[in-house]
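Understanding the architecture of this molecule
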Amino acid sequence: MALQELTYQDVAEHNTKKDLYCVIHDKVYDITKFVDEHPGGEEVLLDVAGQDSTEAFEDVGHSDEARETLEQLLVGTLKRNPGDPKPKTPQPGAVSPAANNQSAGLGSALYFVILIGGAAAYYAYQYLQQQQTAQQA
Ligand code: HEM
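Residues numbered from 1 in each chain as written. Predicted model: local features only at pLDDT ≥ 70, side-chain atom pairs only at ≥ 80, totals over all residues.

1. Side note on the pairing of strand S4 (residues 27-30)
Sheet analysis places strand S3 (residues 19-24) next to S4, joined by four bridges and oriented antiparallel. By the bridge assignment, isoleucine 24 is partnered in S4 with lysine 27. Counting the residues between successive antiparallel strands, the hairpin from S3 to S4 contains two residues, one of them, histidine 25, with a positive phi of roughly 50°. Here S4 pairs with strand S5 (residues 74-78) via three bridges, running antiparallel. When the sheet's bridge partners are listed, valine 28 is paired in S5 with glycine 76. (Pairing = 2+ DSSP bridges. Helix = DSSP H or I, 4+ residues; strand = E, 2+ residues; numbered from the N terminus.)

2. Description of the site of the ligand
Of all residues adjacent to the ligand, which total 20 residues, the nearest are Gly40, Val44, Ala56, Ser63 and Ala66. Where the shell around the ligand is concerned, the elements lending two or more residues are helix H2 (42-47), helix H3 (54-60) and helix H4 (64-73). Sorting elements by how many residues they give to the shell around the ligand places H4 first, with four residues. Looking at side-chain class alone, the shell around the ligand contains 13 nonpolar, six polar and one charged residues. (Near = placed C-beta within 6 Å. Nonpolar A, V, L, I, M, F, W, Y, C, P; charged D, E, K, R; others polar.)

3. Remarks on the confidence of the model for the chain
Here the chain averages 87 in pLDDT, while 85% of its residues score no lower than 70. Here helix H5 (residues 97-136) is the element of the chain with the lowest mean pLDDT, 78, and S4 is the one with the highest, 98. What the predictor reports for the complex is a pTM of 0.69 with an ipTM of 0.87. (pLDDT = per-residue confidence, 0-100.)

4. Here we look at the sheet that holds S5
With mixed pairing, five strands are arranged side by side in an open sheet as S1-S5-S4-S3-S2. A single partner strand is all that each edge strand has here, and the edge strands are strand S1 (4-6) and strand S2 (15-16). Sheet analysis places S1 next to S5, joined by three bridges and oriented parallel. Considered in S5, the bridge of glutamine 4 is made with glycine 76.

5. Things to note about the nonpolar core
With 15 residues, the main nonpolar core has Tyr21, Cys22, Val23, Val28 and Tyr29 as its most contacted residues. Of all the secondary structure elements, the ones that give two or more residues to this core are S3 and S4. In contact with tyrosine 21, other than residues within four places in its own chain, are Val11, His14, Val28, Tyr29, Asp30 and Gly50. (Core = buried A, V, L, I, M, F, W, Y, C linked by C-beta atoms within 7 Å. Buried ≥ 20, exposed ≤ 12 C-beta atoms within 10 Å, placed from the backbone. Contact = placed C-beta atoms within 7 Å.)

6. Re unusual backbone geometry
Positive phi is not limited to glycine here, since histidine 25 has a value of about 50°. With respect to the secondary-structure elements, histidine 25 resides in the loop between S3 and S4. Non-glycine residue aspartate 26 carries a positive phi angle of around 65°. The residue aspartate 26 is located in the loop between S3 and S4 in this model. Look at aspartate 26 and you get partly exposed, because 13 C-beta atoms sit within 10 Å.

Structure (structure tokens):
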């Protein structure tokens, strides 16, 4: 079946157990037939009926098998209109700016420690040299 483009409003109309869509990572899935088979129970799927369930899906840490099941239920892609909610979670593998900043912070902290350590070693060496010269005199 060809993939359709659906808006949030289109997806929201499929919110009953007999007609159940959800959005995960901006893709639209028809999970009607899967509700009774879901190992996590039907309740959680009904909770996200017609909505973006990316966060709920990723929070559970679903297996690759679960992701393969998803592929079979794919019916369309989400068309975002201005004013629609933004994606709930970053795409898998995406590096968030916060993570970037953190690693940059660690990098400069490490640089600082090496610099201070080097300076301390230098002054300790100088001091010992002075002591030695003083003893010899
Ligand atoms: C809509 C697509 C979904 C598919 C295809 C799916 C598929 C699966 C599969 C195959 C499992 C078995 C364990 C695994 O392989 O990871 C599972 C477990 C589970 N799922 Fe989902 N799931 C979906 C959505 C959700 C959502 C939206 C929630 C919301 C919280 C959820 C909650 C759970 C929980 C709690 C389990 C663990 C059950 C247990 O181990 O007792 N699932 N799901």
